[in-house]
Amino acid sequence: MEQIEKPIKIGNVSIKNRCFLAPMAGFTDIGFRSLAKRFGAGLTYSEMVSAKGIYYNNVQTLELLKKTEEESPFALQLFGHEKDVFKKIPEKDIFKDLDIIDINMGCPALKIIKNGDGSALMRDLKVASDVIKTAVESFNKPITVKFRSGFDEEHINCVEFAVMCECSGAAAVTVHARTAKQMYFGTADRKLIAEVKRAVKIPVIANGDIDSFKSAKDMFETTGCDAVMIGRGALGRPWIFAELLNSVFEIDRLSIIKYHYDMLKNSWGEKFALLNMRKHISFYLKGIQHTKNLKTLIQTENNFDNVLKMLQEVL
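The model shown is predicted, which means the values in this text are computed figures rather than measured ones. (Residues numbered from 1 in each chain as written. Predicted model: local features only at pLDDT ≥ 70, side-chain atom pairs only at ≥ 80, totals over all residues. Heavy atoms only, no water.)

A. Broad picture of the side chain of Ser168. If you trace the backbone, Ser168 turns up in the loop between helix H8 (158-167) and strand S8 (172-179). A polar contact is formed between the side chain of Ser168 and the backbone oxygen of Met164, at a distance of 2.7 Å. Setting aside its immediate chain neighbours within four residues, Ser168 contacts Ser129, Ile132, Lys133 and Val136. (Helix = DSSP H or I, 4+ residues; strand = E, 2+ residues; numbered from the N terminus. Polar contact = N/O pair within 3.5 Å; in protein donor to acceptor, adjacent residues only side chain to side chain. Contact = heavy atoms within 4.5 Å.)

As structure tokens, then:
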């Protein structure tokens with residue numbers, strides 16, 4: 001598939017291919033992003049980070065901004081709805097090594113919506129536009145926006161929302177073609193992504209149900225999108241990017257898991273690395289028979305060397 005291998009520009013940022021790793025809270029940590037990059041992902045995104053947390057110098061929030069030198073280009077995904085916050089935070093030094101600022105306007109989590117953030121912004125285009133305009137004016141970087149098909153089935157407004165994003169200065173948009181109410185259930189409606197693509201001139205990144213070369217190819221062909229973003233389809237399979245790019249690679253799950261753990265350990269210490277790897281390992285073991293009991297044991301094991309010994313029995 002030649003389309004996915006072509007370079008693309010978002011604003012003034014050049015990206016080597018059109019295969020991106022989606023931002024996923026709790027999963028797109030520095031280790032997983034590094035693996036995705038090594039397997040060929042053109043662009044990686046941070047976990048969703050609170051703009052207000054950065055404003056107040058929250059230590060845990062700032063920790064999420066750690067990145068490796070090889071993670072370039074790199075996009076930081078922010079969530080928030082207060083334009084004054086987006087006006088003030090660009091002054092902080094932490095943004096100097098980041099390439100793209102992505103604003104999350106699609107998160108369906110109830111606690112995010114209750115605060116007026118994430119997909120709640122799809123119900124208030126004026127507030128959403130003000131945030132985008134402020135970010136465009138304040139950051140010396142391309143601003144992109146990720147959103148859903150709509151808040152619910154009665155309010156499908158992704159086309160109108162995409163046009164608003166473009167008019168507000170966004171350099172690209174990502175459409176996850178499910179409603180916020182759908183969460184991650186049902187099927188992404190690719191026809192809506194195609195409608196968004198026809199409505200705007202800026203790059204449109206398609207997200208939803210991409211978990212193979214075939215599904216990525218179908219997404220390009222049915223929507224005319226400019227790039228694809230892989231989220232849950234990459235969990236436990238960071239090599240999916242090599243598959244999509246038709247690259248030659250070898251899967252050594254044990255080495256991949258150890259590399260992932262070491263990256264987390266070097267960044268945040270042993271305790272964080274072990275706790276965070278437990279959920280990742282469940283995905284790394286997906287599809288491997290007779291590992292149900294092993295997954296349970298790993299959830300309570302406090303020594304990673306012992307975890308590796310257990311994994312050696314099945315990998």
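The discussion continues.
B. Main features of the pattern of salt bridges. Taken as a whole and assessed by the stated rule, the structure comprises twelve salt bridges. One salt bridge in this structure joins Arg33 and Glu71, with 2.5 Å as the shortest N-O distance. Taken together, the residues span a long stretch of sequence, with Arg33 in helix H2 (residues 30-38) and Glu71 in the loop between helix H4 (59-63) and strand S5 (74-79) at a distance of 38 residues. Each member of the pair Arg33 and Glu71 is classed as buried. (Salt bridge = Lys/Arg side-chain N within 4 Å of Asp/Glu carboxyl O. Buried < 20%, exposed > 50% of the residue type's maximum accessible area, 1.4 Å probe, protein only.)

C. Broad picture of the environment of Ile205. Structurally, Ile205 can be placed in strand S9 (residues 204-207). Residues Ile205 and Thr174, spaced 31 residues apart in sequence, show a C-alpha to C-alpha distance of 4.4 Å. Residues contacting Ile205, with those up to four places away along its chain left out, are Ile10, Phe20, Tyr45, Val173, Thr174, Val175, Ala227, Val228 and Met229.

D. Local environment of the packing of aromatic side chains. Across all of its chains, the model carries seven aromatic pairs by this definition. Where Phe95 meets Phe139, the ring centres are 5.1 Å apart and the plane angle is 75°; that geometry is what we call edge-to-face. Here Phe95 is found in the loop between helix H5 (83-88) and strand S6 (100-105), whereas its partner Phe139 is found in the loop between helix H7 (125-138) and strand S7 (143-150), with 44 residues between them in sequence. Look at Phe95 and you get buried, because its relative accessible area is 2%. The class of Phe139 is buried, set by a relative accessible area of 5%. (Phe/Tyr/Trp six-rings, centres within 6.5 Å; stacked < 30°, edge-to-face > 60°.)

E. Just the environment of Ile256, in detail. Residue placement: Ile256 occurs in helix H12 (residues 253-268). The exposure class of Ile256 is buried, given its relative accessible area of 7%. Residues within four places of Ile256 in sequence aside, it is in contact with Leu35, Phe39, Pro238, Trp239 and Tyr284.

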